[in-house]
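# Inside the fold
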Amino acid sequence: MRYSKMLLPTLKESPSDAEVVSQKLMMRAGMIRKVAAGIYTLLPLGLRAVRNVERIIREEMNRAGAQEVSMPVVIPAELWQESGRWDEYGKELLRLRDRHDREFCLGPTHEEVVTDMVRREVRSYRELPLNLYQIQTKFRDEIRPRFGLMRGREFVMKDAYSFHATAESLDAEYENMYRAYTRIFERCGLAFRAVEAETGAIGGRFSHEFMVLAESGEDAIASCAKCAYAANIERAEVREPEALKPASGQAVERVSTPGMKTIEEVSAFLKTRPELMIKTLIYETDKGLVAALVRGDHQINEFKLKKVTGAQWVKLAEEAQVQKATGAPVGFAGPVKLSIPIYADFGVRNISDGFTGANELDAHLKHVNASRDFHAAYADLRNAEAGDRCPRCEGTFEIKRGIEVGHIFKLGTKYSEAMGATFLDEEGKERVITMGCYGIGVGRTAAAAIEQNHDEAGIIWPRPLAPFDCMVLPVNVKDEETRKAAEALYDELRSEMEVLLDDRDERAGVKFKDADLIGIPVRVTIGERNLKQGKVEIKERRSGDVRLVDLKEAAVEVKKSLS
RNA sequence: CGGGGCGUAGCGCAGCCUGGUAGCGCAUCUGCUUUGGGAGCAGAGGGCCGGAGGUUCGAAUCCUCUCGCCCCGACCA
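Residues numbered from 1 in each chain as written. Chains lettered and ligands numbered in written order. Predicted model: local features only at pLDDT ≥ 70, side-chain atom pairs only at ≥ 80, totals over all residues. Heavy atoms only, no water.

The helix and strand tally for chain A stands at 17 helices and 31 strands. Once the C-alpha set of chain A is aligned to its principal axes, its extents read approximately 95 × 70 × 50 Å. Here chain A holds 563 residues, and the buried ones make up 54% of them. Accessible area of chain A: about 25,800 Å², with a carbon and sulfur share of 49%. (Helix = DSSP H or I, 4+ residues; strand = E, 2+ residues; numbered from the N terminus. Buried < 20%, exposed > 50% of the residue type's maximum accessible area, 1.4 Å probe, protein only. Areas by Shrake-Rupley, 256 points an atom, 1.4 Å probe, with all protein chains shown as cover.)

Written as structure tokens, this is what we have:
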């Protein structure tokens, strides 16, 4: 490709609304342009990178035995009504009507469509297992789209759905997909971890998220420094702490704490530490109000709370309900003499001579001991933190941030049952198909690659994703010798790789800056001075290494740099 | 959905408080000079100041409504 013919509008400054590096660099490198909130156009350079991600995904999915299909973006409401999600999914589902006033939605995911197809076409266990995937545009009307391609409303996703006669078959396919995903992200040149994740209401023993490690990641993951255990912080198991420390035996005492509501205020006022405070949160659930206790320096985890209480949903109680349950305004709740069910994190059991709210305005209690002064059901209720002990070994947790680029999980029979997707087994008995589903955010993967591979000057593409493998940069196209050498090298390389020839009549500095910005792995610079010696310069974007080689050897040297 | 902020040339911004008919840098176009890390000089083009309504002799500027965008939170699994 000739730079002079390419729509590649680079920017010196990043747009003011760009927040994360990948978004800034994709804008500046002329890869994407925003059309509306969370909706982008991919320009030629951006599309090339995204196509590379897609190519790798296709190759590995096909290799893993999956078959590509293409399902519609516009989906009739009936299918979603059948699965029950038309009412459940909420406002993220963009709904629309056609000219006959029939209802449709833009597909945010395709379980319904694929299940509908399979129930029509698959009759026998002989046709199973089956894994169907597509790479296609999805729409989710996110409340707050941000970070460019990382969290758009319209985005390209690879979604795969597998269908099985037995749970064992699903397990095998899950493993198969796990390996395929590992290969995909390895080939993309990404540093990632597969972590255990929440499955939500969907079931299955566990699911795995594939996280690209990056500061800007929206998810926090806890990983063991010693063993392979890694989990989304929402799910990471926190071990029950060791033996209790002996209590002083002093009786509970009421202390006045006028206007002190937060852990920070109270602990400062009472000259103690947050670790010695029992944070008491009142939650409203479908089973009534409950109290949840965690140590003052810990964070409650609502997923864990939900699981422990067996509730369908939990949410922090309103002011009035707190007043009703505790007899005090928010900020003075405590477990002592509380009449609603109490769930406490293991860490609370460890507190002796602790501090907590007195269920009375402007008052707290001290010398509180869990075992003596109140009764609670103990469980793992908090978010994991750095330094927590690993549940699997003697190591401790590190907390890292990650970008979720892939997610695999076992669906079970949620959709097949609701929609009547069945097959006949060996005995001619009708049974419900068991399903798995496997997603990859395509644009997000490209963005994540930039988050992980850039420097001050711009993008540093991992070679497999690079829009071009090599860039040929004649310093001065008006110089006949330079131009001829560049054209010749361009033609030679072009038969073997994707080459960008910067044939623009621009100053050298401009061309160098653009080259660094768009981050092509190898750059061949052809200038008059070196050319007189029969030499050209090869620069590797990642290492910055520069070497002079014979013009005749240039093509070979480029390939050497790329290998 | 709650709170905050911003819409002025392709991009980044000033002007608004204190009304007088729009400006800076970058980009674009022309010419000359320059040519290995975002050149210099000279000249040029480009804006219904997000939209509608109001106040006023006069509105980018003040008021009301509206649309869009951004940030924080809640939401989402």
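A turn of α-helix holds 3.6 residues, and therefore any two residues three or four places apart point the same way. Among the residues of helix H9 (residues 319–326), those classed as buried are Val322, Ala325 and Thr326. Looking down the long axis of H9, one finds its buried residues gathered within 80° of arc, a one-sided arrangement. In this structure, H9 carries Ala320 and Lys324 as exposed residues pointing more than 90 degrees from its buried face. Close packing links the buried residues of H9 with strand E14 (278–285) and strand E15 (288–295). One or two positions beyond H9, positive phi appears at glycine 327, with a value near 80°. (Arc of directions from axis to C-beta. Contact = heavy atoms within 4.5 Å.)

Taken in spatial order, the three strands make up an open sheet running E13-E19-E18, and their pairing is antiparallel. Taken across any chain shown, the strands that pair with only one partner, and hence form the sheet edges, are strand E13 (253–256) and strand E18 (354–357). Sheet twist, expressed as the average angle between the axes of neighbouring strands with direction ignored, equals 30°. (Pairing = 2+ DSSP bridges. Axes fitted to C-alpha atoms, helices over the stretch in contact; angles between N-to-C directions.)

Tracing the backbone shows arginine 392 in the loop between strand E20 (377–379) and strand E21 (397–412). Judged by its relative accessible area of 46%, arginine 392 is partly exposed. Arginine 392 sits 99 residues away from leucine 293 along the chain, and the two C-alpha atoms are 25 Å apart. Once residues within four sequence positions are removed from consideration, arginine 392 is found in contact with Glu196, Cys227, Tyr229 and Glu237.

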